[in-house]
Amino acid sequence: MINKNVFNKTKNSLIKINIIVVVSFFIIFSIFIYSYFQGLSYNSIDKKLRLELENISIQLSNTSLFYPIVLKDPSNMVYVYEGNRIRYYTQNGYFEDIFPERKKNKGNEFSTYKKNGYTFRELNIEIGKYKIQIIRNIDSEMNSFKQLIFVFIIAIIMAVIITYFVALYLTKKALVPIETAWNNQVKFVQDASHELRTPISIVSSKLESMLKSPNNTVIDEVETIADAMKETRRMKKMISDLLYLTKEDSINKTNKEQTNIKELLNEISNDYIDIAQVQDKVFNINIEIKDEIIITDKNKLRQLLLIFIDNAFKYTKKGDKILIEVKDKGNNISICVIDSGIGIKKEDIPYIFDRFFRSDNVRNKDIDGSGIGMSIAKMLCSSLNIGIDVDSKLGDYTKIEIIIPKK
């Protein structure tokens, strides 16, 4: 029933959004971690270069040209210039010339650059009459950065793969209620259209038959008019039930208050005593409870009981019995509506709360009804936190029990 193209587009969009969100998070997180560790590494290297600078500065206080400078860390390359001549330099195999290129001094300056395939971190500083270059090879640190980037790339790829399957699973789970609601909506529209089509067709045919006999009087067409009015009332009742059912779907508020269950049942039963006499049916009520006061929504409970009692009268014939039985059941109150009517097939019981459902034996007997009442009853039970159980035998009896919490 559901539009598969819309469903698939929605699913793919949700998966893409999940992947984009996760990948964006990983990229931002990776950039932050990379920048943090890069900063830590540069700070550590710069600290070593500063320590070497302090060590050299102390040794330069000796004015002897032949006094050797001892490096604190042999990994450092040091070049000391006095004016335009070299005062001290470190021999190494990194540079083509003996001395590296001297950069224009801008004060205390750290810089990173590549030369001959190597990466260096340099401190270029001027102290008094001396210009000092302290250079350190940082290829090992750069390799660590590259490995960290590689790890992040692998992690992001793995995150994309994992996110795809997780998003696919979660999206399917998330769309299940949407698909169910969509299918229910389509089924609801189809069923409502089907149920309304019959009375509309009957009213239309009755009106057409009257138009074909314009000279007939009202007395002549009284039966036709009566049938049309009957179907109109049926449509009006069905539309009213549909509107209430829609309201219950969207508004699930209850107005709970202290309710005397015995008084409520007596009020309801008084309305049906005369109906039972007219229809030649036996109607009894049996109340055996200690505490008659419960906390519930009185109006909704009344409507719930009216639906079950109406059905009991509707699906019984002359001479049948209808009994309302009320008993204590632990911390709950049990209210049973029992009738000796046409009953329900065992295989139909799970579907009696579906909208517009009517069993074949009911439709074949041409009993008025739309199949909406039990759907409303189920909604009311859910709203009132009331349990419901149905037991029936075709052609013998139907027993509907509701369990109402006392508190």
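For clarity, every value in this text was computed on a predicted model and none was experimentally measured.

**Q** Before we go on, may I ask you to explain the sheet that holds strand E1 (residues 76–82) in this structure?
**A** Strands in a sheet are paired, the pairing made by backbone hydrogen bonds, and the direction either parallel or antiparallel. The strand order across the open sheet built from five strands is E2-E1-E5-E4-E3, with neighbouring strands paired in antiparallel fashion. Strand pairing shows two members of the sheet lacking a second neighbour, strand E2 (85–89) and strand E3 (109–115), which therefore form its edges. Neighbour to neighbour, the strand axes of the sheet diverge by 25° on average, direction disregarded. Sheet topology note: the E1/strand E5 (residues 130–137) ladder contains seven bridges and is antiparallel. Opposite Val80, over in E5, you have Ile132 as the bridge partner.

**Q** Any chance you could explain the packing of helix H5 (residues 298–314) against helix H7 (residues 373–384) here in plain terms?
**A** In a pair of packed helices, the angle between the axes and the distance between the axes together describe the arrangement. Where H5 meets H7, the closest approach of the two axes is 10 Å, and the angle between their N-to-C directions is 145°. The hand of the H5/H7 crossing is left-handed. Of the residues in H7, those in contact with Lys300, Leu301, Gln303, Leu304, Ile307, Phe308 and Asn311 of H5 are Gly373, Met374, Ile376, Ala377, Leu380, Cys381, Ser383 and Leu384. Taken together, the residues that form the contact of H5 with H7 break down as ten nonpolar, four polar and one charged.

**Q** Looking at this model, I keep getting lost on the packing of helix H4 (residues 261–278) against H5. Mind explaining?
**A** Closest axis-to-axis distance for the H4/H5 pair is 11 Å, and the angle between their directions is 30°. Comparing their axes, H5 and H4 come out roughly parallel. As for how H4 packs across H5, the hand of that crossing is right-handed. Across from Ile261, Leu264, Leu265, Glu267, Ile268, Tyr272, Ile275 and Ala276 in H4, the residues of H5 making contact are Lys298, Leu301, Arg302, Leu305, Leu306, Ile309, Asp310 and Phe313. Taken together, the residues that form the contact of H4 with H5 break down as twelve nonpolar, no polar and four charged.

The rules we used
- Residues numbered from 1 in each chain as written.
- Predicted model: local features only at pLDDT ≥ 70, side-chain atom pairs only at ≥ 80, totals over all residues.
- Heavy atoms only, no water.
- Pairing = 2+ DSSP bridges.
- Helix = DSSP H or I, 4+ residues; strand = E, 2+ residues; numbered from the N terminus.
- Axes fitted to C-alpha atoms, helices over the stretch in contact; angles between N-to-C directions.
- Left-handed = near helix turned anticlockwise from the far one by under 90°.
- Contact = heavy atoms within 4.5 Å.
- Nonpolar A, V, L, I, M, F, W, Y, C, P; charged D, E, K, R; others polar.
- Parallel < 35°, antiparallel > 145°, perpendicular 65-115°, else oblique.

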